[in-house]
Amino acid sequence: MSGIDVIISQIEQDTQAVCEKIIAEAQAKADKILAEARDQAQSVAAAGKEKTAARVADIKKRGDSAADLEEKRVMLRAKQDIISTMLKKGLDDAKNLPDNEYFALIIQMVEKYSQPEDGIICFGRKDKERMPYDLPERVNSAAKGRLTLAVEDADIDAGFILKYGGIEQNCSFDAIFASEAETLSDRAGKLLF
């Protein structure tokens, strides 16, 4: 081998060694970058799992809360329906009391709602037809003032209307139940629940 061939061979070997060193360093850097990327990916995945778990827990909590709220709404609606049914039954029962009990209740209502002045008491047709003969006397004994029985029928099916001058006081069972609905509902709710 000539001197030039030896130099070329040496250059090729040196070049080969440098190339191998560069490739080894590049491979080491690539392996390091790849390891760091894997670590970072695992960290991101772990954080993602934590976020997902937290979101799932939050969604479940909100779902449970919504279910509890809906259950309470359904229960409240059911209770209101029961109370409403009971009040309607109570009103119907009061309207359909036997005559002696019904007119005893009317006398109690006259005591409660009459004013200490003269007025007129109006009954509906149904009440007039079943009215005991002594009711006007009993009404005036219970009233705070003198009440005259009206000739015309009131447009009610139970109870009465009091008239004092130009002022009418509706004491029909429907009106009294409507005005006392909240109080009656509260009482019924306490008794039932």
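Residues numbered from 1 in each chain as written. Predicted model: local features only at pLDDT ≥ 70, side-chain atom pairs only at ≥ 80, totals over all residues. Heavy atoms only, no water.

Participant: Would you explain the packing of helix α2 (residues 99-113) against helix α4 (residues 135-142) in this entry?
Facilitator: Axes are the key here: two packed helices are described by the angle between their axes and the distance separating the axes. At a minimum axis distance of 8 Å, the contact between α2 and α4 shows a crossing angle of 30 degrees. Between α2 and α4 lies a crossing whose hand is right-handed. The segment α2 lies against α4, with Phe 103, Ala 104, Ile 107, Val 110 and Glu 111 engaging Leu 135, Arg 138, Val 139 and Ala 142. (Axes fitted to C-alpha atoms, helices over the stretch in contact; angles between N-to-C directions. Helix = DSSP H or I, 4+ residues; strand = E, 2+ residues; numbered from the N terminus. Left-handed = near helix turned anticlockwise from the far one by under 90°. Contact = heavy atoms within 4.5 Å.)

Participant: Would you take a moment to explain the side chain of Ser 172 for this structure?
Facilitator: Relative to the elements of secondary structure, Ser 172 occurs in strand β4 (residues 167-172). A polar atom in the side chain of Ser 172 sits 2.8 Å from the side chain of Asn 170. Each residue touching Ser 172, except ones within four places of it in the same chain, is listed here: Ile 156, Ala 158, Gly 159 and Phe 160. (Polar contact = N/O pair within 3.5 Å; in protein donor to acceptor, adjacent residues only side chain to side chain.)

Participant: Got a minute to help me understand the nonpolar core in this structure?
Facilitator: Among the nonpolar cores identified, the biggest contains 24 residues, and Ile 106, Val 110, Ile 121, Leu 147, Phe 160, Leu 162 and Phe 173 are the most heavily contacted of them. Looking at this core, the elements with two or more residues in it are α1 (3-95), α2, β1 (119-123), α4, β3 (159-164) and α5 (173-179). If you tally residues by element for this core, the top one is α2, at seven residues. When residues no more than four places from it in sequence are discounted, the contact partners of Val 110 are Ile 121, Val 139, Ala 142, Ala 143, Leu 147 and Phe 160. By size, the runner-up hydrophobic cluster in this structure holds five residues, among which are Cys 122, Ala 150, Ile 156 and Ile 161. (Core = buried A, V, L, I, M, F, W, Y, C linked by side-chain atoms within 4.5 Å. Buried < 20%, exposed > 50% of the residue type's maximum accessible area, 1.4 Å probe, protein only.)

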